[in-house]
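Fold and contact review
Here is what each chain is made of, one letter per residue.
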Amino acid sequence: MSAIKYELLHVCKQSGARLGRLHTPHGVIETPIFMPVGTQATVKTLSPEELKMMNAQIILSNTYHLWLQPGDDIIKEAGGLHEFMQWDRPILTDSGGFQVFSLSNLRKITEEGVYFRHHKSGEQLFLSPEKAIQIQNNLGSDIMMSFDECVELPAEYNYVKQSVERTTRWAERGLKAHKNEKSQALFGIVQGGDFPDLRKMSATELVKLDFPGYSIGGLSVGESKETMYRTIEFTIPYLPTDKPRYLMGVGSSDALIEGSIRGIDMFDCVLPTRIARHGTAMTSHGRIVIKNKQYERDFTPLDHECECYTCKNYTRAYLRHLIKAEETFGQRLISYHNVFFLIRLMENVRQAIKENRLLDYRDEFFAKYGFSDPTNSRQF
RNA sequence: GGAGGGGUAGCGAAGUGGCUAAACGCGGCAGACUGUAAAUCUGCUCCCUGUGGGUUCGGCGGUUCGAAACCGUCCCCCUCCA
């Protein structure tokens, strides 16, 4: 009895993309979907009300960060993460596996788990597959991730092979440690770098363990878009069609569309909120760096075709001013717009799947975006 | 009127004979950002431009092989005493 249930509603006749519904303890989400990231129990600068206004259906949070601060025991005592942060819709938590990658110079991997050195205090920390599950059980997320190693690309075949085997063993250990199977679903994470046989091995071994959903990890970590798409293509066939597939850490608009076409159901990414804070907006006509001088006297909206709160009320000149003056309101307005933009994009993708025209939609979107070279991610 | 301190690139501020077109900070202009060590990081910022050239350190005139730095003089600013 799994805590979640995936319902495949329709397959796009033109592209093969999947339209679905994922039933979770905190509600139903429509897939393919983009999940905004709220690492420290908040999507940076945005309130739960604002996320609801833009129709965010599920958000992501992080085991590693909440374990260190404020501590998962405190969140459990608060009544769980939903209650603690006042978000009553579904939450997915990452396991800390990405921190094995992003904090690579501060950690040491062993079979038992990973030793981290706290980046500020220098304190010695240890995270294991069991510990990651226990923390997520305390957080009470709807969907939890197995503790994995996210390997940087390019990588040595032999290293990736032993890493994948270890990640699979860790997944099995996590499954055994999981206490709340009825209220929380645990996903397995497929690794294997850009090697077809290792991805196959990873996927088939995890599928044997019968997880309620599968993530594809280890992508968007330095490889080309071409490699990423190819890797998705040769991984997906080994995943069951009656379970959700989650492509971890991917959130540029082109990759959301291309991923959906290849059968991905869920995406998450810090990109929209991070670049917003740094003064860049995603628009239907391409990325614009709002802090650039050319917008100094531009009294038009960020995106003429956008209906978000920011675009309905404020000008580029004002947003540029706020960002340059380091006013947090500017970061909020652009974060709001960027997340809205990706959520709306996925609504359009779902509609296109329903109408069996996702490939046409992709071409229209790319043409308008000013996208000419599909291997050049910089335009997104 | 007397005593002292100071004038360096858009601003602040190092530098007191060659390694200085001149540290550093700010500002400015660009770029990056993909399961968030990220309101962060990187580059450029006298002029023309090729890893080449041309003009600079208040003005003018000297000393020296060589000066932003030493000397003379003029201009301007600040502090204290009258």
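Residues numbered from 1 in each chain as written. Chains lettered and ligands numbered in written order. Predicted model: local features only at pLDDT ≥ 70, side-chain atom pairs only at ≥ 80, totals over all residues. Heavy atoms only, no water.

If you look at the biggest cluster of nonpolar residues, it comprises 46 residues, and the most contacted ones within it are Leu51, Met54, Leu81, Phe116 and Ile290. Going through the elements one at a time, helix H2 (63–68), helix H4 (81–85), strand E8 (114–117), strand E9 (124–127), helix H6 (129–139), helix H13 (316–324) and helix H14 (328–354) are the ones with two or more residues in this core. By residue number, the principal contributor to this core is H14, which donates 6 residues. Discounting residues that sit within four places of it in the chain, Phe116 has contacts with Tyr64, Gly96, Gln99, Val100, Leu103, Leu106, Arg107, Glu123, Gln124, Leu125 and Leu127. Judged by nonpolar contacts, the second largest core, of 44 residues, contains Ala177, Leu186, Leu345 and Tyr369. (Core = buried A, V, L, I, M, F, W, Y, C linked by side-chain atoms within 4.5 Å. Buried < 20%, exposed > 50% of the residue type's maximum accessible area, 1.4 Å probe, protein only. Helix = DSSP H or I, 4+ residues; strand = E, 2+ residues; numbered from the N terminus. Contact = heavy atoms within 4.5 Å.)

Right, let's talk about the sheet that holds strand E1 (residues 5–11) for a bit. Read from one edge to the other, the open sheet built from 3 strands follows the order E1-E2-E3, with strand pairing classed as antiparallel. Each edge of the open sheet is held by one strand with a lone partner, namely E1 and strand E3 (27–31). For this sheet, the mean inter-axis angle between neighbouring strands, taken without regard to orientation, is 15°. Relative to E3, strand E2 (residues 18–24) runs antiparallel, the two sharing 5 bridges. Bridge pairing in E3 places Thr24 opposite Gly27. (Pairing = 2+ DSSP bridges. Axes fitted to C-alpha atoms, helices over the stretch in contact; angles between N-to-C directions.)

On to the protein's contact with RNA strand B, then. Taken together, the neighbourhood of RNA strand B is formed by 46 residues, with Cys150, Met248, Gly249, Val270 and Arg277 sitting nearest. Protein-proximal atoms of RNA strand B, defined as those within 4 Å of the protein, fall in sugar or phosphate at a share of 50%. Between RNA strand B and the protein, one listed contact pairs a phosphate oxygen with a side-chain N or O atom of Thr39 at 3.1 Å. Looking at the surface near RNA strand B element by element, the count peaks at 5 residues for helix H11 (residues 271–277). (Near = heavy atom within 4 Å. Polar contact = N/O pair within 3.5 Å; in protein donor to acceptor, adjacent residues only side chain to side chain.)

With 13 residues, helix H8 (residues 196–208) ought to run about 18 Å at 1.5 Å a step, and its terminal C-alpha atoms sit 18 Å apart, in line with that. Those residues of H8 lying buried are Leu198, Arg199, Ser202, Ala203 and Leu206. The buried residues of H8 all sit within an arc of 130° when viewed along its axis, so they share a single face. Tucked into the core, H8 has its buried residues touching helix H7 (157–177), strand E11 (185–190), strand E12 (214–216) and helix H9 (225–235). Positive backbone phi, approximately 60°, marks Asp210, located one or two places after H8. (Expected span 1.5 Å × (residues − 1). Arc of directions from axis to C-beta.)

For the rest of this paragraph, the subject is the pairing of strand E16 (residues 286–289). Pairing between strand E15 (residues 280–283) and E16: 4 bridges, direction antiparallel. The partner of Thr280 across the bridge, within E16, is Val289. A loop of 2 residues connects E15 with E16, the two strands running antiparallel in sequence.

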